[in-house]
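Chain and residue survey
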Amino acid sequence: MPAERNVSPSITVNGESRRATVSARTLLVHFLRTELGLTGTHVGCDTTQCGACTVALDGVAVKSCTVLAAQADGREVTTIEGLADDDGEGLDPVQRAFWQEHGLQCGYCTPGMIMAVRQLLADNPDPGDAEIRRGLDGNICRCTGYQNIVTAVRAAAKQLQES
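Quick look at the structure, then. Source: prediction; values computed, not measured. (Residues numbered from 1 in each chain as written. Predicted model: local features only at pLDDT ≥ 70, side-chain atom pairs only at ≥ 80, totals over all residues. Heavy atoms only, no water.)

Bringing the sheet that holds strand 3 (residues 16-19) into the picture now. Read from one edge to the other, the open sheet built from 5 strands follows the order 3-2-7-5-6, with strand pairing classed as mixed. Among the strands making up the open sheet, the edge pair consists of strand 3 and strand 6 (60-63). In this sheet, adjacent strand axes meet at a mean angle of 40° when their direction is disregarded. Here strand 2 (residues 10-13) runs beside strand 3; their pairing, made up of 4 bridges, is antiparallel. Bridging across to strand 3, Ile11 finds its partner in Arg18. Across the sheet, helix 1 (residues 28-35) touches strand 2, strand 5 (54-57) and strand 7 (76-78), and the angle it forms with strand 2 is around 75°. Contacts from helix 3 (residues 110-123) reach strand 5, strand 6 and strand 7 within the one sheet, and its direction differs from that of strand 5 by about 40°. (Pairing = 2+ DSSP bridges. Helix = DSSP H or I, 4+ residues; strand = E, 2+ residues; numbered from the N terminus. Axes fitted to C-alpha atoms, helices over the stretch in contact; angles between N-to-C directions. Contact = heavy atoms within 4.5 Å.)

Printed below as a string of structure tokens:
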């Protein structure tokens with residue numbers, strides 16, 4: 001049996017260059033959580049079904065359970081921890097809207113949901129309800145019934161348009 005191969009990807013995470021030596025088979029979600037201690041990115045299914053692990057890779061929302069850490073070498077990753085306002089004190093507009101509109105209950109899906117919503121609003125700054133629901137397909141919430149999430153996305157879109 002061949003020896004396990006290790007890699008040392010250098011990834012800019014939330015604006016900071018980070019490097020760790022891991023198995024070549026290490027998924028980005030596990031790199032973020034285990035090696036970097038960024039536990040806001042959740043592991044839900046490891047099969048791309050739930051979206052709890054969604055992060056931005058080079059500015060595009062991806063499910064980090066389908067990306068190897070080695071594939072992110074030399075690239076930029078933004079996690080839920082990297083979304084604070086520029087001063088580092090306040091919430092990102094999408095986070096704020098989820099809080100204000102009660103778009104979460106247990107919170108397990110929330111980080112991935114917020115990352116997906118940021119992508120949705122980058123692609124379509126003024127989506128209708130059907131577009132919001134379609135845009136969130138692939139992000140599962142088992143608590144809310146989605147109505148408050150849809151309301152939060154509308155509120156976030158409005159906040160972003162006004163700023």
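What follows is about the nonpolar core. Counting 24 residues, the largest nonpolar core has Phe98, Leu136 and Val153 as the members making the most contacts within it. Those elements giving two or more residues to this core turn out to be helix 2 (93-100), helix 3 and helix 5 (147-162). Not counting chain neighbours up to four residues away, the residues in contact with Leu136 comprise Met113, Ala116, Val117, Ile149 and Val153. Membership of the second largest hydrophobic core comes to 17 residues, among which are Val22, Leu36, Ala69 and Ala72. (Core = buried A, V, L, I, M, F, W, Y, C linked by side-chain atoms within 4.5 Å. Buried < 20%, exposed > 50% of the residue type's maximum accessible area, 1.4 Å probe, protein only.)

Another aspect to go through is the side chain of His42. By the element assignment, His42 lies in the loop between helix 1 and strand 5. The exposure class assigned to His42 is buried, which follows from its relative accessible area of 14%. Not counting residues within four places of it along the chain, the set of residues in contact with His42 comprises Val29, Arg33, Ala52, Cys53, Gly107, Tyr108 and Pro111.

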